[in-house]
Structure formats: C-alpha cells, structure tokens
Amino acid sequence: MSTLDLTLTLLVGLLLVLVAGLVLASLAYVTHRHPHLEKPLNTAFGGGAVLVAVVVGLVAVVALTT
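As the structure is a computational prediction, the values presented were derived from the model and not from experiment.

On to the overall build of the chain, then. When helices and strands are tallied, the chain shows two helices and zero strands. Expected size for 66 residues packed as a compact globule is a radius of gyration near 11 Å; at 15 Å, the chain overshoots this value by more than 25%. In the chain, which comprises 66 residues, the share counted as buried stands at 6%. Only carbon and sulfur atoms are counted for the fraction: they give 79% of the accessible area of the chain, which is about 5,400 Å².

Okay, structure coming up:
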C-alpha cells in the first residue's frame, strides 16, 4: 500500500469517526429535548449500533472487491 493510499484511508477513517460522533451527539440532544422519544443514552447507543453496522458492511464490500 502506498503512502498516498494509507493517508487517504486514515483521512476517511477520521472523517467517519467525526461524523459518527456528530450523529450520536445529535441523537442524544434530540431525545433530551423531546423526552417522550426515549432515554437519550439508549437512543445514542442504538444510533451507534446502526453506524457500526453500516461501517462493517462497507468494509466488507471493499475487502471483497479488492
């Protein structure tokens, strides 16, 4: 793997972590503002589980196509 490929991979990974953090924080904020939705941490963990499942699926697709 070349240095450019490694740099791009790390950059995409960093951006994915930042976006995941923003999504989890927004889910916790929305459920905090509207308590009838669900408890904030449960919703944030549920959203995190969905994000992890999507990332694992994308990694599997990339691994199978290369």
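Looking now at the environment of His32. You can see His32 is positioned in helix α1 (residues 3–33). His32 sits in the exposed class, given a relative accessible area of 55%.

The rules behind the values
Residues numbered from 1 in each chain as written. Predicted model: local features only at pLDDT ≥ 70, side-chain atom pairs only at ≥ 80, totals over all residues. Heavy atoms only, no water. Helix = DSSP H or I, 4+ residues; strand = E, 2+ residues; numbered from the N terminus. Rg over C-alpha atoms; globule rule 2.2 N^0.38 Å. Buried < 20%, exposed > 50% of the residue type's maximum accessible area, 1.4 Å probe, protein only. Areas by Shrake-Rupley, 256 points an atom, 1.4 Å probe, with all protein chains shown as cover.

None of the figures reported here should be taken as evidence of function without further support.
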